[in-house]
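Chain by chain, the residues run as shown.
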Amino acid sequence: MSIYNSEVLETTHTLDLVPRTLDEQLEYIRTRSGGLAILVAETDDPEGPDVIAGFGSLSFYRDRPGYRTSVENSVYVHKDFRNQGVGSFVMEGLIAQARQHGFHSMLARIPGAQEASVRLHTKLGFELIGVEREVGRKFNKFLDVAVLQLLL
């Protein structure tokens, strides 16, 4: 929860404006159980406790039944573990889960021109299919959202 909440407070990686409570985070996890996925990347530190380095999830793309073959992914990496392969590890797991569950299309919606996130997705086969102009607002600034897609 601390990884996500720091993103809420400090970055445009998410367009949430208010940090999640524990109950809200538990509901987030509950809604992704059974068919959707949450993956967690932990460190393996023999001299101390494991630390969550990042996490990702799959969510239904839209509520209507006709969209049930498509999922949207989210990936968050703790700032101390960026550029160490954590995002790739999580994304590869999410792609495998989406394929295993028979989804046809995986989408990413990336706010604020987050170049590292766009690079991560394109490295794994996603293609930029569009940009939603100024659909988000955070830190008193309008933000575009890049939409990327991987046909599974």
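Everything numeric here is computed off the predicted structure, so don't read it as measured data.

> Now, about the overall build of the protein chain: what can you tell me, with residues and values included?
The helix and strand tally for the protein chain stands at four helices and six strands. The N-to-C order of helical and strand elements in the protein chain reads α-α-β-β-β-α-β-α-β-β. Relative to its length of 152 residues, the protein chain is compact, with a C-alpha radius of gyration of 15 Å against a globular reference of 15 Å. Over its C-alpha atoms, taken along the principal directions, the protein chain stretches across nearly 45 × 40 × 35 Å. Expressed as a percentage of the 152 residues in the protein chain, the buried residues total 39%. Contacts in the protein chain between residues far apart in sequence, at least 24 positions, make up 56% of those at least 6 positions apart. Summing over all exposed atoms, the protein chain offers an accessible surface of approximately 9,000 Å²; the carbon and sulfur share of this is 51%.

> I'd like a description of the sheet that holds strand β5 (residues 127-138), backed by residues and values.
By definition, the strands of a sheet pair up through backbone hydrogen bonds, in either a parallel or an antiparallel sense. Across the sheet, six strands lie side by side as β1-β2-β3-β4-β6-β5; this open sheet has mixed pairing. Unpaired on one side and paired on the other, β1 (38-42) and β5 mark the two borders of the sheet. Each strand of the sheet is rotated relative to its neighbour by a mean of 25 degrees, with strand direction disregarded.

> Account for the nonpolar core, with residues named and values stated.
Core analysis: the largest hydrophobic core is formed by 24 residues, its most contacted members being L58, M91, M106 and F126. Considering every element that reaches this core, the biggest residue donor is helix α3 (residues 86-100), with six residues. Once residues lying within four places of it in the same chain are set aside, the contact partners of F126 are N73, M91, I95, M106, L107, A108, H121, L148, Q149 and L150. Within the second largest apolar cluster, six residues are counted, among which are Y4, V8, Y28 and Y76.

The rules behind each value
Residues numbered from 1 in each chain as written. Predicted model: local features only at pLDDT ≥ 70, side-chain atom pairs only at ≥ 80, totals over all residues. Heavy atoms only, no water. Helix = DSSP H or I, 4+ residues; strand = E, 2+ residues; numbered from the N terminus. Rg over C-alpha atoms; globule rule 2.2 N^0.38 Å. Buried < 20%, exposed > 50% of the residue type's maximum accessible area, 1.4 Å probe, protein only. Contact = heavy atoms within 4.5 Å. Areas by Shrake-Rupley, 256 points an atom, 1.4 Å probe, with all protein chains shown as cover. Pairing = 2+ DSSP bridges. Axes fitted to C-alpha atoms, helices over the stretch in contact; angles between N-to-C directions. Core = buried A, V, L, I, M, F, W, Y, C linked by side-chain atoms within 4.5 Å.

From the geometry alone we can't say anything about function, so treat these as descriptive.
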